[in-house]
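# Observations on chain architecture
In case you want the letters, here they are:
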Amino acid sequence: MRIDKYLWCIRVFKTRSLATTACKKGQIKIANSSVKPSKEIFGDELILVRKNQINYQIKVLDLPVSRVGAKLVDLYRKDITPKEEFEKTDLLKFAKDYYRKKGTGRPTKKDRRDIDNYQDDTTEEI
């Protein structure tokens, strides 16, 4: 089975064209090498999928005949993604809160105080 079709069948991607695009961008890897959408996969392979800034690790257990329901997905794959990957997204959320949106103008007094307090806190820890 093609890797783009497999990822679509086990509901990693909503459409097959999204799975194909991810392969072309190099977000899908097998044995630490990017794969083309037409790459044939077999059982017991480890697939690395980068989606939403998380590196998912999926082990192929079996190949489905067609797209399966959400309850049956675990028959065909095993998710072995480490918990640290999900904790990284929490850190990214905190980092995004610090930055202002582009085009919102100059920082207000309150924003300036918050920035100064944040910078003072980080220099004290060092």
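Thresholds, definitions, all that
Residues numbered from 1 in each chain as written. Predicted model: local features only at pLDDT ≥ 70, side-chain atom pairs only at ≥ 80, totals over all residues. Heavy atoms only, no water. Pairing = 2+ DSSP bridges. Helix = DSSP H or I, 4+ residues; strand = E, 2+ residues; numbered from the N terminus. UniProt positions renumbered as here; feature names shortened; annotations may be inferred. Phe/Tyr/Trp six-rings, centres within 6.5 Å; stacked < 30°, edge-to-face > 60°. Buried < 20%, exposed > 50% of the residue type's maximum accessible area, 1.4 Å probe, protein only.

A separate point is the sheet that holds strand 2 (residues 33–34). Across the sheet, which stays open at both edges, the five strands sit in the order 2-1-3-4-5 with antiparallel pairing between neighbours. A single partner strand is all that each edge strand has here, and the edge strands are strand 2 and strand 5 (77–79). Relative to strand 4 (residues 54–60), strand 3 (residues 46–51) runs antiparallel, the two being bridged by six bridges. Looking at the pairing, Ile47 lines up with Ile58 of strand 4.

Here we take up the environment of Lys5. If you trace the backbone, Lys5 turns up in helix 1 (residues 3–9). Measuring from C-alpha to C-alpha, the distance between Lys5 and Thr20 comes to 8.3 Å, with 15 residues separating the pair along the chain.

When the UniProt feature table is mapped to this numbering, "domain: RNA-binding S4" (unreviewed entry) covers residues 1–40. Between the end C-alpha atoms of residues 1–40 there is a gap of 5 Å, over a span that is 42% helix and 12% strand.

We now examine the packing of aromatic side chains. Geometry of an aromatic ring pair is reported as the spacing of the ring centres plus the angle between the planes. Enumeration according to the criterion identifies one aromatic pair in this entry. When the ring of Tyr56 is compared with that of Phe86, the centres are 6.0 Å apart and the planes differ by 65°; the resulting orientation is edge-to-face. In this pair, Tyr56 is assigned in strand 4 and Phe86 in helix 3 (residues 83–98), connecting sequence segments 30 residues apart. When its relative accessible area of 22% is taken as the criterion, Tyr56 is described as partly exposed.

Unusually for a residue other than glycine, Arg11 sits at a positive phi of about 65°. On the secondary structure map, Arg11 appears in the loop between helix 1 and helix 2 (16–25). Backbone geometry places Asn52, a non-glycine residue, at a positive phi of 55°. Position of Asn52 among the secondary structure elements: in the loop between strand 3 and strand 4.

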